[in-house]
Every structure is written in C-alpha cells, then in structure tokens.
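This is what each chain is made of:
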Amino acid sequence: SRIHVKKGIENLIEAWQQLDFEIKKDWVIEIVGNGEENYINSLKDKIALEKLVSQIKIKPPVFGEDKIALFREASLFVLPTFSENFGIVIAESLASYTPVITTKGAPWEDLKIHNSGWWIDIGVEPLKEALTIAMQINENCLFEMGVNGRKLIENKYSMASVAKQML
C-alpha cells in the first residue's frame, strides 16, 4: 500500500510499542510500500526512537506474484487508516487468505460480518485491543478467518459475482 500519513501508521507503531512483550515476542511488523521519502524517514526515526527497529521493518513495494506471496506469508494484515474510499489492499489481503484488521475509516464492516478480521474504531487503544486478541488466537482460527475472507471476496467482489449483481 502507499505509505502515507492517512494510513495511520503512527497509530500502529504506538499500539505496538504498548503491547506486552509476551504477546509480540514472536511477531514482526513489515510496512511495505512507497511514499514520500521525508515521511518514510520520519517513521523510521519514530521506530528507532521507540527502540523497535528489530520488530518493525519498512520495506519497498512489491508487485504481482511477490505481493501475493507476501500476503500469504503474513498472519495478519493491518491497515489502521483514517480514511479509505474502498481500500483495495484489504481486498487483496482477503483474496490471499490473510485476515485483516482495519478501522471504520474504511468501508469494511464485512470483516466483522463474515468473521474474516476486525473492523475497529480509529485510534491507538482500539488497535492495541484488536492486535492483542488477534495475536493470541491460535493458527487454526486465523487460518479459518483467512478462508472466510477469501470466500467473501469470491462471493461479493469477484468479476463473476459483480457481473451477476449487475445483471
């Protein structure tokens, strides 16, 4: 995704910093995308200031099969956005069997309805709560949520499904 101030990345860094070490000890955050160099550098500075360099990585964008592989390797996709018209990256994550945590700044109530992720209020505290829950769920439950997300995309957003809805 585009790395931009409206994506709420500072909230993610702050929520992560507040998480109990035991919860996050086996996890790492990868922020993948492109954006304004000054903004990305400010995020790197914040990560360094909070002493989270070994836990939070900022990486360049990936595309095509590499992007799908990255989604599939992830246990969760987090977009703590302030505002999205749709959030195609959320659909890409779900299509790749990866559960999502996003905010009510994105129109994705379907995450809650279809048990494929968390649709939370905007802010550090709701994000921290969702991360705490999601990161302590067993792998089978996360896998099931990923399957639910894939079904959601196939049933509501695939070309065949959209064409059927149009007809």
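Our subject is the structure that appears above.
Rules behind the numbers
- Residues numbered from 1 in each chain as written.
- Predicted model: local features only at pLDDT ≥ 70, side-chain atom pairs only at ≥ 80, totals over all residues.
- Heavy atoms only, no water.
- Core = buried A, V, L, I, M, F, W, Y, C linked by side-chain atoms within 4.5 Å.
- Buried < 20%, exposed > 50% of the residue type's maximum accessible area, 1.4 Å probe, protein only.
- Helix = DSSP H or I, 4+ residues; strand = E, 2+ residues; numbered from the N terminus.
- Contact = heavy atoms within 4.5 Å.
- Pairing = 2+ DSSP bridges.
- Right-handed = clockwise from strand over helix to strand, strands pointing away.
- Salt bridge = Lys/Arg side-chain N within 4 Å of Asp/Glu carboxyl O.

## Topic: the nonpolar core
Thinking step 1. Judged by nonpolar contacts, the single largest core of 29 residues is most densely connected at Ile3, Ile56, Ile101, Trp118 and Leu131.
Thinking step 2. For this core, the secondary-structure elements that each account for two or more residues are helix H1 (9–18), strand S1 (29–32), helix H3 (37–49), strand S2 (56–59), strand S5 (117–120), helix H7 (124–134) and helix H8 (139–156).
Thinking step 3. Residues within four places of Leu131 in sequence aside, it is in contact with Leu12, Ala15, Leu19, Val78 and Ile101.
Thinking step 4. Phe77, Leu79, Ala91 and Val100 belong to the second largest nonpolar core, which has 13 residues in total.

## With respect to the environment of Ile31
Thinking step 1. Relative to the assigned elements, Ile31 resides in strand S1.
Thinking step 2. Under the relative-accessibility criterion, Ile31 is labelled buried at 8%.
Thinking step 3. Once the C-alpha coordinates of Ile31 and Val162 are considered, the two residues, 131 residues apart in sequence, prove to be 31 Å apart.
Thinking step 4. In contact with Ile31, not counting residues within four places along its chain, are Ile3, Ile9, Ile56, Lys57, Ile58 and Lys59.

## Some points on helix H5 (residues 88–95)
Thinking step 1. What H5 keeps buried is the set Val89, Ile90, Ala91, Ser93 and Leu94.
Thinking step 2. Among the structural elements, helix H4 (64–73), strand S3 (77–79), strand S4 (100–103), helix H6 (110–113) and H8 are those in contact with the buried residues of H5.
Thinking step 3. Two residues or fewer past H5, Tyr97 is found with a positive phi of approximately 70°.

## A look at the pairing of S1
Thinking step 1. Relative to S2, S1 is paired through four bridges, and the arrangement is parallel. Its bridge partner lying in S2, Glu30 is registered against Lys57.
Thinking step 2. Each parallel crossover has a hand, and the one from S1 via H3 to S2 is right-handed.

## Brief notes about the side chain of Asn11
Thinking step 1. Locating Asn11 in the fold gives a position in helix H1.
Thinking step 2. The class of Asn11 is buried, set by a relative accessible area of 14%.
Thinking step 3. Excluding anything up to four places from it in sequence, Asn11 contacts Phe82, Gly123, Val124 and Leu127.

## Re the pattern of salt bridges
Thinking step 1. The full count for this structure, using the stated rule, is seven salt bridges.
Thinking step 2. With a closest N to O distance of 2.7 Å, Lys156 and Asp110 form a salt bridge. Taken together, the residues span a long stretch of sequence, with Lys156 in helix H8 and Asp110 in helix H6 at a distance of 46 residues.

## A word on the environment of Ile23
Thinking step 1. Positionally, Ile23 belongs in helix H2 (residues 21–24).
Thinking step 2. With 135 residues separating them along the chain, Ile23 and Ser158 place their C-alpha atoms 36 Å apart.
Thinking step 3. Not counting residues up to four positions away in its chain, the partners in contact with Ile23 are Thr132, Met135 and Gln136.

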